[in-house]
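Chain residues, written in single-letter form:
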Amino acid sequence: MNEKIAFLLNQQINKEFYSAYLYLDMANYYDELDLDGFANYFTVQAQEERDHAMLFLKYMQINGLKVTFEEIGRPDKTYSGAVDPLLAALEHEKYVTSLINDIYHEAHAAKDYRTMKFLDWFVDEQMEEEDSANSLINRFKLFGSDPKGLYLLDQECAARVYAAPSLVL
Ligand code: FEO
(Lines give C-alpha, C1' and ligand atoms only; values in the text may rest on other atoms or scores of the structure.)
Protein backbone atom coordinates (compact mmCIF):
# COMPACT_ATOMS: atom_id res chain seq x y z
CA MET A 1 0.00 0.00 0.00
CA ASN A 2 0.99 3.57 -0.75
CA GLU A 3 3.08 4.98 2.16
CA LYS A 4 1.08 8.18 2.42
CA ILE A 5 -2.19 6.26 2.71
CA ALA A 6 -0.68 4.03 5.40
CA PHE A 7 0.49 7.15 7.26
CA LEU A 8 -2.96 8.75 7.09
CA LEU A 9 -4.70 5.55 8.21
CA ASN A 10 -2.32 5.29 11.15
CA GLN A 11 -2.91 8.93 12.00
CA GLN A 12 -6.67 8.40 11.88
CA ILE A 13 -6.43 5.85 14.70
CA ASN A 14 -5.06 8.62 16.88
CA LYS A 15 -7.65 11.14 15.67
CA GLU A 16 -10.51 8.78 16.52
CA PHE A 17 -9.14 8.07 19.99
CA TYR A 18 -8.73 11.81 20.47
CA SER A 19 -12.38 12.20 19.45
CA ALA A 20 -13.36 9.72 22.16
CA TYR A 21 -11.30 11.69 24.68
CA LEU A 22 -12.85 14.98 23.55
CA TYR A 23 -16.39 13.62 23.89
CA LEU A 24 -15.65 12.19 27.33
CA ASP A 25 -14.46 15.65 28.32
CA MET A 26 -17.80 17.04 27.11
CA ALA A 27 -19.59 14.33 29.11
CA ASN A 28 -17.64 15.49 32.18
CA TYR A 29 -18.75 19.06 31.56
CA TYR A 30 -22.42 18.03 31.41
CA ASP A 31 -21.97 15.86 34.48
CA GLU A 32 -20.78 18.96 36.35
CA LEU A 33 -23.96 20.76 35.22
CA ASP A 34 -26.07 17.78 36.37
CA LEU A 35 -27.32 17.34 32.82
CA ASP A 36 -26.91 13.59 33.03
CA GLY A 37 -28.73 12.90 29.74
CA PHE A 38 -26.29 15.03 27.74
CA ALA A 39 -23.44 13.38 29.67
CA ASN A 40 -24.80 10.01 28.58
CA TYR A 41 -25.13 11.17 24.97
CA PHE A 42 -21.45 12.09 24.80
CA THR A 43 -20.34 9.01 26.71
CA VAL A 44 -22.05 6.89 24.05
CA GLN A 45 -20.48 9.07 21.37
CA ALA A 46 -17.07 8.40 22.89
CA GLN A 47 -17.73 4.65 22.70
CA GLU A 48 -18.51 5.01 18.99
CA GLU A 49 -15.27 6.92 18.44
CA ARG A 50 -13.32 4.15 20.12
CA ASP A 51 -15.00 1.74 17.70
CA HIS A 52 -13.91 3.92 14.79
CA ALA A 53 -10.32 3.84 16.04
CA MET A 54 -10.46 0.06 16.36
CA LEU A 55 -11.79 -0.29 12.81
CA PHE A 56 -8.84 1.68 11.41
CA LEU A 57 -6.50 -0.38 13.58
CA LYS A 58 -8.01 -3.66 12.40
CA TYR A 59 -7.93 -2.55 8.75
CA MET A 60 -4.22 -1.80 9.04
CA GLN A 61 -3.55 -5.13 10.75
CA ILE A 62 -5.49 -7.08 8.11
CA ASN A 63 -3.45 -5.38 5.41
CA GLY A 64 -0.14 -6.10 7.11
CA LEU A 65 0.63 -2.46 7.81
CA LYS A 66 2.77 -1.39 10.76
CA VAL A 67 0.76 0.46 13.39
CA THR A 68 2.47 3.13 15.47
CA PHE A 69 0.66 4.72 18.40
CA GLU A 70 1.25 8.40 19.09
CA GLU A 71 0.30 10.42 22.16
CA ILE A 72 -3.36 11.34 22.41
CA GLY A 73 -3.80 15.09 22.79
CA ARG A 74 -5.43 16.69 25.83
CA PRO A 75 -8.91 18.09 25.14
CA ASP A 76 -8.34 21.81 25.66
CA LYS A 77 -11.72 23.32 24.90
CA THR A 78 -13.46 25.38 27.56
CA TYR A 79 -17.21 25.75 27.75
CA SER A 80 -19.28 28.52 29.26
CA GLY A 81 -22.76 27.22 28.63
CA ALA A 82 -24.66 24.04 27.86
CA VAL A 83 -24.85 24.73 24.13
CA ASP A 84 -21.08 25.18 23.75
CA PRO A 85 -20.08 21.49 23.60
CA LEU A 86 -22.80 20.90 21.00
CA LEU A 87 -21.32 23.61 18.78
CA ALA A 88 -17.80 22.29 19.36
CA ALA A 89 -18.94 18.74 18.54
CA LEU A 90 -20.33 19.80 15.16
CA GLU A 91 -17.12 21.66 14.32
CA HIS A 92 -15.10 18.63 15.34
CA GLU A 93 -17.18 16.28 13.18
CA LYS A 94 -16.70 18.59 10.18
CA TYR A 95 -12.97 18.38 10.82
CA VAL A 96 -13.12 14.57 10.99
CA THR A 97 -15.08 14.54 7.73
CA SER A 98 -12.27 16.52 6.12
CA LEU A 99 -9.74 13.95 7.39
CA ILE A 100 -11.74 11.05 5.95
CA ASN A 101 -12.06 12.94 2.68
CA ASP A 102 -8.30 13.49 2.59
CA ILE A 103 -7.63 9.76 2.94
CA TYR A 104 -10.27 9.02 0.34
CA HIS A 105 -8.64 11.49 -2.02
CA GLU A 106 -5.26 9.78 -1.66
CA ALA A 107 -6.81 6.33 -2.08
CA HIS A 108 -8.58 7.44 -5.24
CA ALA A 109 -5.40 8.95 -6.69
CA ALA A 110 -3.52 5.71 -5.97
CA LYS A 111 -6.33 3.50 -7.36
CA ASP A 112 -6.49 1.88 -3.94
CA TYR A 113 -10.05 0.61 -4.37
CA ARG A 114 -9.86 -1.55 -1.26
CA THR A 115 -9.24 1.45 0.98
CA MET A 116 -11.93 3.46 -0.82
CA LYS A 117 -14.42 0.66 -0.15
CA PHE A 118 -13.40 0.55 3.50
CA LEU A 119 -13.77 4.32 3.79
CA ASP A 120 -17.23 4.33 2.21
CA TRP A 121 -18.68 3.30 5.59
CA PHE A 122 -16.96 6.28 7.22
CA VAL A 123 -18.21 8.68 4.55
CA ASP A 124 -21.78 7.63 5.41
CA GLU A 125 -21.02 7.68 9.12
CA GLN A 126 -19.72 11.25 8.93
CA MET A 127 -22.90 12.39 7.21
CA GLU A 128 -24.90 10.87 10.09
CA GLU A 129 -22.58 12.31 12.73
CA GLU A 130 -22.86 15.83 11.33
CA ASP A 131 -26.62 15.48 10.95
CA SER A 132 -27.02 14.31 14.57
CA ALA A 133 -24.81 17.10 15.89
CA ASN A 134 -26.66 19.69 13.83
CA SER A 135 -30.05 18.40 14.90
CA LEU A 136 -29.11 18.55 18.58
CA ILE A 137 -27.94 22.15 18.20
CA ASN A 138 -31.18 23.13 16.47
CA ARG A 139 -33.36 21.49 19.09
CA PHE A 140 -31.31 23.06 21.86
CA LYS A 141 -31.83 26.48 20.28
CA LEU A 142 -35.58 25.81 20.02
CA PHE A 143 -36.18 24.35 23.49
CA GLY A 144 -33.02 24.73 25.58
CA SER A 145 -33.76 28.18 27.01
CA ASP A 146 -36.95 26.87 28.64
CA PRO A 147 -36.24 24.81 31.80
CA LYS A 148 -38.92 22.26 30.98
CA GLY A 149 -37.73 22.03 27.38
CA LEU A 150 -34.15 21.55 28.55
CA TYR A 151 -35.30 18.84 30.96
CA LEU A 152 -37.09 16.96 28.17
CA LEU A 153 -34.10 17.28 25.84
CA ASP A 154 -31.87 15.93 28.59
CA GLN A 155 -34.27 13.00 29.04
CA GLU A 156 -34.11 12.33 25.30
CA CYS A 157 -30.32 12.30 25.41
CA ALA A 158 -30.47 9.95 28.41
CA ALA A 159 -32.21 7.38 26.20
CA ARG A 160 -29.31 7.09 23.76
CA VAL A 161 -27.82 3.61 23.92
CA TYR A 162 -24.60 2.27 22.50
CA ALA A 163 -24.83 0.12 19.38
CA ALA A 164 -21.90 -1.70 17.85
CA PRO A 165 -20.86 -0.44 14.40
CA SER A 166 -22.51 -2.02 11.38
CA LEU A 167 -19.09 -2.39 9.76
CA VAL A 168 -17.39 -5.63 10.79
CA LEU A 169 -13.88 -6.47 9.58
FE1 FEO B 1 -15.23 9.03 14.30
FE2 FEO B 1 -17.28 11.18 15.03
O3 FEO B 1 -16.04 10.55 13.83
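Fair warning: this is a prediction, and the values are worked out from it, not measured in the lab.

Novice: Describe the pattern of salt bridges, listing the residues and the values that go with them.
Specialist: Where charged atoms of side chains with opposite charge meet at close range, the side chains can pair. Per the stated rule, a full pass over the model turns up four salt bridges. Taking the shortest distance from any N to any O, the salt bridge between Glu106 and Lys4 comes out at 3.3 Å. Taken together, the residues Glu106 in helix H3 (residues 84-109) and Lys4 in helix H1 (residues 3-32) connect sequence positions 102 residues apart. Using a relative accessible area of 18% as the deciding quantity, one classes Glu106 as buried. The partner of Glu48 in a salt bridge is Arg160, with the nearest N and O atoms 3.2 Å apart. Placement of the pair is Glu48 in helix H2 (residues 36-62) and Arg160 in the segment after helix H5 (147-158), with a sequence separation of 112 residues. Here Glu48 and Arg160 have matching classes, each one buried.

Novice: Explain the side chain of Asp154 to me, and be specific about the residues and the numbers.
Specialist: Within the secondary structure layout, Asp154 lies in helix H5. Despite being buried, Asp154 has no salt bridge partner; Arg139 is the closest side chain of opposite charge, sitting 11 Å away.

Novice: Give me the lowdown on the packing of aromatic side chains, citing residues and values where you can.
Specialist: According to the stated counting rule, one finds 12 aromatic pairs in the structure shown. Ring pairing ties together the aromatic residues Tyr23, Tyr29, Tyr30, Phe38, Tyr41, Phe42, Tyr79 and Phe140, which thus form one cluster. One residue, Arg160, lies across the ring of Tyr41, its end atom 4.4 Å from the ring centre.

Novice: I'd like a rundown of the nonpolar core, residues and numbers included.
Specialist: One broad rule of soluble globular proteins: the nonpolar side chains tend to lie buried together. Formed by 27 residues in total, the largest nonpolar core has its most connected members in Met26, Tyr30, Phe38, Phe42, Leu86 and Phe140. Looking at this core, the elements that each hand over two or more residues are H1, H2, H3, helix H4 (113-143) and H5. In terms of residues, this core owes the most to one element, H1, which gives eight residues. If sequence neighbours within four positions are ignored, Phe140 has contacts with Phe38, Ala82, Val83, Leu86, Ser145, Leu150 and Leu153. Grouped together as the second largest cluster of nonpolar side chains are 22 residues, Leu8, Ile100, Phe118 and Phe122 included.

What counts and how
- Residues numbered from 1 in each chain as written.
- Predicted model: local features only at pLDDT ≥ 70, side-chain atom pairs only at ≥ 80, totals over all residues.
- Heavy atoms only, no water.
- Salt bridge = Lys/Arg side-chain N within 4 Å of Asp/Glu carboxyl O.
- Helix = DSSP H or I, 4+ residues; strand = E, 2+ residues; numbered from the N terminus.
- Buried < 20%, exposed > 50% of the residue type's maximum accessible area, 1.4 Å probe, protein only.
- Lys, Arg positive; Asp, Glu negative; His and termini not counted.
- Phe/Tyr/Trp six-rings, centres within 6.5 Å; stacked < 30°, edge-to-face > 60°.
- Lys NZ or Arg CZ within 6 Å of the ring centre and 35° of its normal.
- Core = buried A, V, L, I, M, F, W, Y, C linked by side-chain atoms within 4.5 Å.
- Contact = heavy atoms within 4.5 Å.

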